[in-house]
Amino acid sequence: THYAIVNLGAIDARFEAGAEVTPETLADAGLVRGTKLPVKVLADGGLSKGLTIRAHKFSGNASAAIEAAGGTAETL
């Protein structure tokens, strides 16, 4: 399976605390190209605020970092 990859550092830079991050909002922010491919979130860059992130797949470190920052990782 091919994924659209996005790093936590890029998400952290583009979204405010408490935001809901979805494949659609990632595409709107220019972090992924459209919504044709499933989205995979990687831990590179870290996360400093609580966000609800909905994606098709998360690396283990990304899930842990999201929860440590007070957020939620929801698999689609």
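Just so we're clear, the structure is a prediction, and the values are computed from it rather than from any experiment.

1. Some points on the sheet that holds strand β4 (residues 52-55)
Taken in spatial order, the three strands line up as β2-β4-β6 in an open sheet, and their pairing is parallel. The outermost strands of the open sheet, each flanked by one partner alone, are β2 (20-21) and β6 (72-75). In this sheet, β6 lies alongside β4 in parallel orientation, the contact comprising four bridges. In the strand pairing of β6, Ala55 is matched with Thr75.

2. Regarding the sheet that holds strand β1 (residues 4-7)
The strand order β1-β3-β5 describes an open sheet built from three strands, whose pairing is parallel. Two strands lie at the open edges of the sheet, namely β1 and β5 (57-58), each paired on one side alone. As defined by bridge partners, β1 adjoins strand β3 (residues 39-42) across four bridges and the pair is classed as parallel. Counted as the bridge partner of Ile5 is Lys40 from β3.

Criteria and cut-off values
Residues numbered from 1 in each chain as written. Predicted model: local features only at pLDDT ≥ 70, side-chain atom pairs only at ≥ 80, totals over all residues. Heavy atoms only, no water. Pairing = 2+ DSSP bridges. Helix = DSSP H or I, 4+ residues; strand = E, 2+ residues; numbered from the N terminus.

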